[in-house]
Amino acid sequence: MWTLVGRGWGCARALPPRATGAALLVAPGPRPAPTLGAAPESWATDRLYSSAEFKEKLDMSRFPVENIRNFSIVAHVDHGKSTLADRLLELTGTIDKTKNNKQVLDKLQVERERGITVKAQTASLFYNCEGKQYLLNLIDTPGHVDFSYEVSRSLSACQGVLLVVDANEGIQAQTVANFFLAFEAQLSVIPVINKIDLKNADPERVENQIEKVFDIPSDECIKISAKLGTNVESVLQAIIERIPPPKVHRKNPLRALVFDSTFDQYRGVIANVALFDGVVSKGDKIVSAHTQKTYEVNEVGVLNPNEQPTHKLYAGQVGYLIAGMKDVTEAQIGDTLCLHKQPMEPLPGFKSAKPMVFAGMYPLDQSEYNNLKSAIEKLTLNDSSVTVHRDSSLALGAGWRLGFLGLLHMEVFNQRLEQEYNASVILTTPTVPYKAVLSSSKLIKEHREKEITIINPAQFPDKSKVTEYLEPVVLGTIITPDEYTGKIMMLCEARRAVQKNMIFIDQNRVMLKYLFPLNEIVVDFYDSLKSLSSGYASFDYEDAGYQTAELVKMDILLNGNTVEELVTVVHKDKAHSIGKAICERLKDSLPRQLFEIAIQAAIGSKIIARETVKAYRKNVLAKCYGGDITRKMKLLKRQAEGKKKLRKIGNVEVPKDAFIKVLKTQSSK
């Protein structure tokens, strides 16, 4: 029997400050007296018996497979995915209906600040329809091109998608990309036209676009306003009618796919799983197909949208599982979990994410190295698409070379490091991975492959050692109002792009397809496109392999000495303008010395750009009040000789803040 204790100490442990005053459920019998002055960690590790914790556990066996629907919401940025998710949560009674329900599933601070979804979030909804209780597993996905890996991963746990399109803006680039992701995964697609309450909304035009581009009949489109809740009930009806239940076998041994995971400081790894076969419950011994390690399940449950423990999870359901995984490397995304002594064929998992942008990351202070290392490890568990390689630099010390899916992904990762782990870092200018085809058999034997990938410009091989260089290319899709087409075509041509296709999707919207070199779009292409089109054009890209290119390694010299951190790989045609820009930024950043500093950009032995930092000069003629000119010349000559000697022995140390100014993303370019 449990005894209810109100405010005060009672025989329970000391409450942490934020929980003071909550009613506690305490087991009868002696409990240790509170440790006054105990650290907050000790409160959290010895779990409190709060009333929320002992809500009656859900019985998930009430939901047969035919009453389960697993679906994702996909759309272009800012077309109302998270708002629709909020309304669905309210309609099914998962959350209370209040005016404060905005982006309920967007839990990260960076998501709320930027108003975008970065992490795919899961929620289980219980819905009564025609006397039957349905379990709807909803996954809200990001809309930005940089996070398309999150979308493709989420679709593996679904049988259908809601494709949300803005009634004002119509089909955008990411709408097309997400549709084809769902189409390739053979999922049912329900088109939803959102924001019909807007003054300029034109749902009929959008219906025609959907029919023309996706070949979905216009009568299948559902017109809603997620903000006002108009017609959202019919979306739930469509989910039940049009999305098939999962094809699973509950009598087979357990097979669960880990499609996401987070790290909790006190409970270890929390894995989000989709069950394809069998049943899992607390106390089961499970084994990971990837690491072959065995764990005991401590807790299973569903996200509603917060964690709700259950007795068991059954095949076809999506939930979370805590099994005492203490190390961040143990919960690989795409891993299959099976019962111990009942091994099963692993599920296909996911293609690993392919980093498109690489940047160096270094702690501001080397004493923070270990803290930053653990922060990066924990964050990469939650964001598995980041690749990490150890790196070091003479000027910036020990650090890492990180691979990201795009520039926004890099910014968000950096922001999360600052907000969640209080880490301050230096990020170098982003680069892309190049390839080189080696020429001699001796080099091929040394590297054990004919084609080597270069992610650090300092390791770029000399032209004499390779037959050709390859650069990554992407197939870009631009959707824009037709009045901006001319300007956008000029922008694309300036970025060495090759036009592949041009389609009018209705009277005033054009879809352009271009083959872009990735390094031309990685830094500021998106910003240029938005400013040229007054914000109306949208852009999406997909990997298109590699193509041969005339690439050169550009060194930056200070008084003839190479600065390794500033080495860059550029296209031959752009070398002069990029070299001049770096030299100018260095000139503004370097402190003056007692001798002249020559800043040069060089390709091999050829100097292509130069700036000079003038020396500090003492006025040696101050004591001469007239007199013979030879006296003045003698003093000036002696000074010039001294400066020359000083320049030979003087060493230019580039201060760290100058590096930061030059290396940080060239947003002003």
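Residues numbered from 1 in each chain as written. Predicted model: local features only at pLDDT ≥ 70, side-chain atom pairs only at ≥ 80, totals over all residues. Heavy atoms only, no water.

Notes on the overall build of the protein chain
And step 1. The helix and strand tally for the protein chain stands at 16 helices and 33 strands.
And step 2. Taking all 669 residues of the protein chain together, 51% fall into the buried category.
And step 3. Expressed as a percentage of contacts within the protein chain between residues at least 6 apart in sequence, the contacts between residues at least 24 apart total 69%.
And step 4. Accessible surface for the protein chain amounts to roughly 32,500 Å². Of this, 50% is attributable to carbon and sulfur atoms. (Helix = DSSP H or I, 4+ residues; strand = E, 2+ residues; numbered from the N terminus. Buried < 20%, exposed > 50% of the residue type's maximum accessible area, 1.4 Å probe, protein only. Contact = heavy atoms within 4.5 Å. Areas by Shrake-Rupley, 256 points an atom, 1.4 Å probe, with all protein chains shown as cover.)

Regarding the environment of Arg242
And step 1. Structurally, Arg242 is set in helix H7 (residues 233-242).
And step 2. In this structure Arg242 comes out as partly exposed when scored by relative accessible area, which is 32%.
And step 3. As for Arg242 and Ser188, which are separated by 54 residues in sequence, their C-alpha atoms are 7.2 Å apart.
And step 4. If near-sequence neighbours (up to four positions away) are discounted, Arg242 is found in contact with Ser188, Ile190, Pro191, Glu220 and Ile222.

With respect to unusual backbone geometry
And step 1. Although it is not a glycine, Asp215 adopts a positive phi angle of roughly 60°.
And step 2. Locating Asp215 in the fold gives a position in the loop between helix H6 (203-214) and strand E8 (222-223).
And step 3. One non-glycine residue, Asn231, lies in positive phi territory at about 65°.
And step 4. Residue position: Asn231 is located in the loop between E8 and H7.

Quick look at the sheet that holds strand E5 (residues 132-140)
And step 1. Reading across from one edge, E4-E5-E3-E6-E7-E8 is the order of the 6 strands in this open sheet, with mixed pairing throughout. The open sheet terminates on both sides in strands that have one partner only, identified here as strand E4 (121-129) and E8.
And step 2. Relative to E5, E4 is paired through 9 bridges, and the arrangement is antiparallel. Looking at the pairing, Gln121 lines up with Asp140 of E5.
And step 3. Across the sheet, helix H2 (residues 81-91) touches strand E3 (68-75), E4, E5 and strand E6 (160-166), and the angle it forms with E3 is around 150°.
And step 4. Here helix H4 (residues 148-155) sits on the sheet in contact with E3, E5 and E6, set at roughly 165° to E3. (Pairing = 2+ DSSP bridges. Axes fitted to C-alpha atoms, helices over the stretch in contact; angles between N-to-C directions.)

Observations regarding the sheet that holds strand E21 (residues 397-404)
And step 1. Pairing in this open sheet of 4 strands is antiparallel, and the strands run E20-E21-E19-E22 from one edge to the other. If you trace the sheet from one side to the other, it starts and ends with strand E20 (387-393) and strand E22 (425-427), each paired once. Across the sheet, the mean angle separating the axes of adjacent strands is 30° when strand polarity is ignored.
And step 2. Direction of pairing for strand E19 (residues 357-363) relative to E22: antiparallel, over a ladder of 3 bridges. Its bridge partner being in E22, Met361 is matched across the sheet by Leu427.

Structural notes on the pattern of salt bridges
And step 1. In total, this model carries 18 salt bridges according to the counting rule given.
And step 2. Of the charged contacts, one joins Glu299 and Arg267 as a salt bridge, the two residues approaching to 3.7 Å between their closest N and O atoms. With a gap of 32 residues between them, Glu299 in strand E14 (residues 299-303) and Arg267 in the loop between strand E9 (255-264) and strand E10 (268-277) connect regions that are remote in the sequence. The residues Glu299 and Arg267 share a single accessibility class, namely buried.
And step 3. Put simply, Glu451 and Lys435 hold a salt bridge, and the shortest N to O gap is 3.7 Å. (Salt bridge = Lys/Arg side-chain N within 4 Å of Asp/Glu carboxyl O.)

Re the nonpolar core
And step 1. Counting residues in each nonpolar core, the largest one holds 37 residues, and the members touching the most others are Ile478, Phe516 and Phe525.
And step 2. For this core, the elements supplying multiple residues, two or more each, are strand E23 (434-438), strand E24 (451-454), strand E25 (466-481), helix H11 (485-494), strand E27 (509-517), helix H12 (518-521), helix H13 (525-532) and strand E28 (538-549).
And step 3. Within the second largest apolar cluster, 29 residues are counted, among which are Phe71, Tyr134, Ile222 and Ala238. (Core = buried A, V, L, I, M, F, W, Y, C linked by side-chain atoms within 4.5 Å.)

Thoughts on a positive patch on the surface
And step 1. On the surface, Lys618, Lys623, Arg631, Lys634 and Arg638 cluster together into a positively charged patch.
And step 2. As for its position among the elements, Lys618 is in the loop between strand E33 (606-613) and helix H15 (629-649). (Patch = residues over 30% accessible without salt bridge, like charges linked within 9 Å, V, L, I, M, F, W, Y side chains within 5 Å. Lys, Arg positive; Asp, Glu negative; His and termini not counted. Charge placed at Lys NZ, Arg CZ, Asp CG, Glu CD.)

As for the side chain of Arg495
And step 1. Relative to the helices and strands, Arg495 is located in the loop between H11 and strand E26 (498-506).
And step 2. A distance of 2.6 Å separates the side chain of Arg495 from the backbone oxygen of Glu520, its partner in a polar contact. (Polar contact = N/O pair within 3.5 Å; in protein donor to acceptor, adjacent residues only side chain to side chain.)

Here's the deal with the packing of aromatic side chains
And step 1. Under the definition given, this model contains 13 aromatic pairs.
And step 2. Centre to centre, the rings of Tyr514 and Phe516 are 5.9 Å apart; their planes meet at 45°, and the pair counts as tilted.
And step 3. The buried category is assigned to Phe516, whose relative accessible area is 0%.
And step 4. Above the face of the Tyr546 ring, Lys435 is positioned so that its terminal group lies 4.5 Å from the ring centre. (Phe/Tyr/Trp six-rings, centres within 6.5 Å; stacked < 30°, edge-to-face > 60°. Lys NZ or Arg CZ within 6 Å of the ring centre and 35° of its normal.)

Some thoughts on the confidence of the model for the protein chain
Any residue range with low pLDDT should be treated as having predicted coordinates unsuitable for detailed reading.
And step 1. The share of residues in the protein chain with pLDDT of 70 or more is 84%, and the mean pLDDT across the chain is 78.
And step 2. Scored below 50 in pLDDT, residues 1-55 shows 56 contacts in the model against residues more than four places distant or in partner chains.
And step 3. Across residues 665-669 the pLDDT falls below 50, and counting only partners more than four positions away or on other chains, this stretch makes 7 contacts in the model. (pLDDT = per-residue confidence, 0-100.)

Brief notes about the environment of Pro244
And step 1. Tracing the chain through its elements places Pro244 in the loop between H7 and E9.
And step 2. For the pair formed by Pro244 and Phe71, sequence separation is 173 residues and the distance between their alpha carbons is 9.9 Å.
And step 3. Look past the residues within four positions of Pro244 in its chain and what remains in contact with it is Arg69, Gln159 and Ser188.

Some points on the pairing of strand E18 (residues 336-339)
And step 1. With burial as the criterion, each face of E18 is covered, one bearing Thr336 and Cys338 and the other bearing Leu337 and Leu339.
And step 2. The pairing of E9 with E18 spans 3 bridges and is classified as antiparallel. Bridging across to E18, Ala256 finds its partner in Leu337.
And step 3. When strand E12 (residues 285-288) meets E18, the two strands line up antiparallel, connected through 3 bridges. Bridged to Ser288 within E18 is Leu337.

Looking at a negative patch on the surface
And step 1. On the surface, a cluster of negative charge is made up of Glu211, Asp215, Asp219 and Glu220.
And step 2. Along the chain, Glu220 falls in the loop between H6 and E8.

So, the pairing of strand E29 (residues 551-558)
And step 1. Counting buried positions over the 8 residues of E29 gives 7, a clear majority of the element.
And step 2. Relative to strand E31 (residues 568-571), E29 runs antiparallel, the two being bridged by 4 bridges. Considered in E31, the bridge of Lys553 is made with Val569.
And step 3. Pairing between E29 and strand E32 (residues 597-603): 5 bridges, direction antiparallel. In the strand pairing of E32, Met554 is matched with Ile603.
And step 4. For E29 and strand E30 (residues 561-562), the ladder comprises 2 bridges, and the chain directions are antiparallel. Bridging from a neighbouring strand, Leu557 pairs with Thr562 of E30.
And step 5. Hairpin connection, E29 to E30: the antiparallel pair is bridged by 2 residues, and Asn559 has positive phi, about 50°.

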